[in-house]
Amino acid sequence: MKDIVSIILTAKDIEDFIARCLMSLVNQTYKNLEIVVVDDGSSDKTLEIINNFMAKDKRIKLYCSNSSNKQIARNMGLKNASGDYVYVIDGDDELPLNAVEEFLKTLKEKDVDAVFGSVLQIFPDKIRKERYSPKEGYYFTKDKQNMIDFLAFINSGEFVSKMLVKKEKIDCTFQENILLWDNNLFILRVLKNIEKFYCKDILVYYYYYRQRSNSSMVTLLNKNMFLQTKLACPYYLEIAKELFPNDKEMWFHICSIIFIVLSADIRLAILENKYLD
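Residues numbered from 1 in each chain as written. Predicted model: local features only at pLDDT ≥ 70, side-chain atom pairs only at ≥ 80, totals over all residues. Heavy atoms only, no water.

## Topic: the overall build of the protein chain
Move 1: A count of helical and extended segments in the protein chain gives nine helices and nine strands.
Move 2: Across the 277 residues in the protein chain, those meeting the buried criterion constitute 53%.
Move 3: If you take every contact in the protein chain between residues at least 6 apart in sequence, the share linking residues at least 24 apart comes to 78%.
Move 4: Here the protein chain displays about 12,500 Å² of accessible surface, and carbon together with sulfur accounts for 51% of that area. (Helix = DSSP H or I, 4+ residues; strand = E, 2+ residues; numbered from the N terminus. Buried < 20%, exposed > 50% of the residue type's maximum accessible area, 1.4 Å probe, protein only. Contact = heavy atoms within 4.5 Å. Areas by Shrake-Rupley, 256 points an atom, 1.4 Å probe, with all protein chains shown as cover.)

## Description of helix H6 (residues 182-191)
Move 1: Burial analysis of H6 places 10 of its 10 residues in the buried class, the great majority of the element.
Move 2: Among all positions in H6, only Asp182, Asn183, Asn184, Leu185, Phe186, Ile187, Leu188, Arg189, Val190 and Leu191 are buried.

## Some thoughts on the nonpolar core
Soluble globular proteins tend to pack their nonpolar side chains together in the buried interior.
Move 1: Counting 43 residues, the largest nonpolar core has Phe116, Phe150, Leu188, Phe197, Tyr236 and Ile254 as its most contacted members.
Move 2: Breaking this core down by element, the ones donating at least two residues are strand E4 (85-90), strand E5 (114-122), helix H5 (144-154), strand E8 (163-166), H6, strand E9 (196-208), helix H8 (225-243) and helix H9 (248-271).
Move 3: In contact with Phe116, other than residues within four places in its own chain, are Phe103, Pro134, Phe150, Phe153, Lys162, Met163, Ile187, Leu191, Phe197, Tyr198, Cys199 and Lys200. (Core = buried A, V, L, I, M, F, W, Y, C linked by side-chain atoms within 4.5 Å.)

## Some remarks on the packing of H5 against H6
Move 1: Interhelical geometry of H5 versus H6 gives an angle of 150° and a closest axis separation of 11 Å. Classified by the interaxial angle, the pair formed by H5 and H6 is roughly antiparallel. Both H5 and H6 take part in a crossing whose hand is right-handed. Along the contact surface, H5 presents Met147, Phe150, Leu151 and Ile154, while H6 presents Asn184, Ile187, Leu188 and Leu191.
Move 2: Among the residues making up the contact of H5 with H6, the classes are represented as seven nonpolar, one polar and no charged. (Axes fitted to C-alpha atoms, helices over the stretch in contact; angles between N-to-C directions. Parallel < 35°, antiparallel > 145°, perpendicular 65-115°, else oblique. Left-handed = near helix turned anticlockwise from the far one by under 90°. Nonpolar A, V, L, I, M, F, W, Y, C, P; charged D, E, K, R; others polar.)

## Quick word on the environment of Tyr87
Move 1: Here Tyr87 shows up in strand E4.
Move 2: A sequence separation of 78 residues divides Tyr87 from Leu9, and the C-alpha atoms of the two residues are 8.7 Å apart.
Move 3: When near neighbours in sequence (up to four residues on either side) are disregarded, Tyr87 contacts Ser6, Ile7, Ile8, Leu95, Val100, Phe103, Ser161, Met163, Leu164, Val204 and Tyr205.
Move 4: Among the polar contacts made by the side chain of Tyr87, one reaches the main-chain carbonyl oxygen of Val204 at a distance of 2.7 Å. (Polar contact = N/O pair within 3.5 Å; in protein donor to acceptor, adjacent residues only side chain to side chain.)

## Points about the packing of aromatic side chains
Move 1: For the coordinates displayed, the defined rule picks out 10 aromatic pairs.
Move 2: Taken together through their ring pairs, the aromatic side chains of Phe116, Tyr139, Phe150, Phe153 and Phe197 make up a single cluster.
Move 3: It is Arg20 that lies over the ring of Tyr208; its NZ or CZ is 3.7 Å from the centre. (Phe/Tyr/Trp six-rings, centres within 6.5 Å; stacked < 30°, edge-to-face > 60°. Lys NZ or Arg CZ within 6 Å of the ring centre and 35° of its normal.)

## Some points on the confidence of the model for the protein chain
Move 1: Across the protein chain, pLDDT averages 87, with 86% of residues at or above 70.
Move 2: Overall, residues 212-220 carries pLDDT values under 50, and its contacts beyond four positions in sequence, including any with other chains, amount to 16 contacts. (pLDDT = per-residue confidence, 0-100.)

## A few points about the side chain of Glu94
Move 1: Considering the arrangement of structural elements, one finds Glu94 in the loop between E4 and helix H4 (99-110).
Move 2: Excluding its chain neighbours within four sequence positions, the residues that come into contact with Glu94 are Arg20, Ser24, Tyr205, Tyr206 and Tyr208.

## Some points on H5
Move 1: Considered for burial, the residues of H5 that qualify are Asn146, Met147, Phe150, Leu151, Phe153 and Ile154. One side of H5 holds all its buried residues, which, seen down the axis, span an arc of 150°.
Move 2: One side-chain oxygen of the residue at the start of H5 lies 3.2 Å from the amide nitrogen of Gln145, identifying that residue as Asp143. (Arc of directions from axis to C-beta.)

## Observations concerning the pattern of salt bridges
Move 1: Counted according to the given criterion, the structure contains 13 salt bridges.
Move 2: Its salt-bridge partner being Lys61, residue Glu34 comes within 2.8 Å of it at the nearest N-O pair. With Glu34 in strand E2 (residues 33-39) and Lys61 in strand E3 (residues 60-64), this residue pair connects regions lying 27 residues apart in the sequence.
Move 3: Taking the relative accessible area as the measure of exposure, Glu34 reaches 4% and is therefore buried.
Move 4: Here Lys61 falls in the partly exposed class, since its relative accessible area comes to 33%.
Move 5: Note that Lys169 is salt-bridged to Asp113, the shortest N-O span being 3.8 Å. (Salt bridge = Lys/Arg side-chain N within 4 Å of Asp/Glu carboxyl O.)

This is how it looks when you write it as structure tokens:
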């Protein structure tokens, strides 16, 4: 039997986007999928749209959460995923139709436990686009220079959706008490269990940059982004010490992810006129 890939996505009040996302999943060239959808208390037509898709495609499994916390919703998805591989995405984004096939092909050809690909960030005008691509090759989690190169890639954006990983290597969850910087923290926690992984410049994700007035990033940029940064730092330091015991230089490199991504998010918010007083 072919390997099952569990795609986990969360959704909350995204009635204008969820159909686009689900269409890109059900039409993947790789068909042996388990599509785990966690609705996090939607009050619009999001849930209705998901149910319509589920009635037509038995690979879709729906779970409901009312946590208003994406990390809790994602952890519910992880708990209920039964596939051999895991791919975590957001319900308002989209996959290239060959994303899963190319991901899995690379993982098997390179004989690794995880593979990372490229993300295309699309801005609201649909004209401005930025591609985030890794330096192609094998990476060894205990190799200092390898990991410095890899950190430069994940510093380019907080995209957990650039990773396909064997489910057996996931013994962690998303950190539920921090609202920012959780994606890269999850990636690092997964890599703790992996000796080597592979990065390839294959497009695996379309990230639609979208800022609502009540989004977590807008709110946190204006109210308590420094509190969130303070909350996240100990978790990054903890995983840094597990990956590189007694190497304070690497502790610095890993913890600096927070501040580099923070500066990029502030830049985007300013460019989009969303940095409020």
